[in-house]
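Okay, here's what each chain looks like letter by letter:
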Amino acid sequence: MTSDDRNKRNPETLGAIGKVTLEKLASLSSKIRDDVATEPDRINHEILSEIVALASNRVSVEKNESILDEGGSAWTERTESHYPHIRLHGGALEDDPLKMNI
């Protein structure tokens, strides 16, 4: 897969990636609960948990932004540099690291 292919993922592909990620996270969680997880299993569980949390926060931020765009009320964080700023940990696009095109 070329970098151009990776940058053209469609919603169906992204949905499948999310579904497989959640399935793998559930499988690793089960191994941890059953006390049969290896150290790599535990590391992968930690990484996938972080990805799921960040994605969930991203969705919340997008919902809040939509609410504000429509004139509604949503939670915002008041900071000097971004006022008002919609922010949930790891969810605001402007706070993301530089794109790696992977």
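Chemist: Provide a residue-level description of the overall build of the chain, including the pertinent values.
Modeler: Scanning the chain for helices and strands turns up three helices and zero strands. Going residue by residue from the N terminus, the α and β elements of the chain occur as α-α-α. The proportion of buried residues among the 102 residues of the chain is 18%. Considering only contacts within the chain whose residues lie at least 6 apart along the sequence, 39% involve residues at least 24 apart. Summed over its atoms, the accessible surface of the chain is roughly 7800 Å², and 55% of this surface lies on carbon and sulfur atoms.

Chemist: Could you give me a rundown of the packing of helix H2 (residues 11–33) against helix H3 (residues 39–69), with the residues and numbers involved?
Modeler: Across the interface, H2 lies against H3 with an axial gap of 9 Å and an inter-helix angle of 135°. Taken together, the axes of H2 and H3 are oblique relative to one another. Judged by the sense of rotation from one axis to the other, the crossing of H2 with H3 is left-handed. Residue-level inspection shows Thr21, Leu22, Lys24, Leu25, Leu28, Ser29, Lys31 and Ile32 of H2 in contact with H3, the latter providing Asp41, Arg42, Asn44, His45, Leu48, Ser49 and Val52. Its residues assigned to classes, the contact of H2 with H3 comprises six nonpolar, five polar and four charged.

Chemist: Quick one: what's the story with the confidence of the model for the chain, residue by residue and with numbers?
Modeler: Mean pLDDT for the chain: 77, with 65% of residues reaching 70 or above. Confidence scores differ between elements of the chain, with helix H1 (residues 3–6) showing the lowest mean pLDDT of 62 and H2 the highest of 95.

Chemist: Which residues make up H2, and what are the values?
Modeler: The end-to-end C-alpha distance of H2 is 33 Å, a good match for the 33 Å that 23 residues give at a rise of 1.5 Å each. Taken together, the buried positions of H2 are occupied by Thr21, Leu25, Leu28 and Ser29. Against the buried residues of H2 lie H3. Capping of H2 at its N-terminal end is provided by Asn10; its side-chain oxygen lies 3.1 Å from the backbone amide nitrogen of Glu12.

Chemist: Any chance you could break down H3 for me, citing the residues and the numbers?
Modeler: If you check H3, its first and last C-alpha atoms are 45 Å apart, about what 31 residues at 1.5 Å a residue would give, namely 45 Å. All of the buried residues in H3 are Asp41, His45, Leu48, Val61 and Asn64. Here the buried face of H3 lies against H2.

Analysis parameters
Residues numbered from 1 in each chain as written. Predicted model: local features only at pLDDT ≥ 70, side-chain atom pairs only at ≥ 80, totals over all residues. Heavy atoms only, no water. Helix = DSSP H or I, 4+ residues; strand = E, 2+ residues; numbered from the N terminus. Buried < 20%, exposed > 50% of the residue type's maximum accessible area, 1.4 Å probe, protein only. Contact = heavy atoms within 4.5 Å. Areas by Shrake-Rupley, 256 points an atom, 1.4 Å probe, with all protein chains shown as cover. Axes fitted to C-alpha atoms, helices over the stretch in contact; angles between N-to-C directions. Parallel < 35°, antiparallel > 145°, perpendicular 65-115°, else oblique. Left-handed = near helix turned anticlockwise from the far one by under 90°. Nonpolar A, V, L, I, M, F, W, Y, C, P; charged D, E, K, R; others polar. pLDDT = per-residue confidence, 0-100. Expected span 1.5 Å × (residues − 1). Polar contact = N/O pair within 3.5 Å; in protein donor to acceptor, adjacent residues only side chain to side chain.

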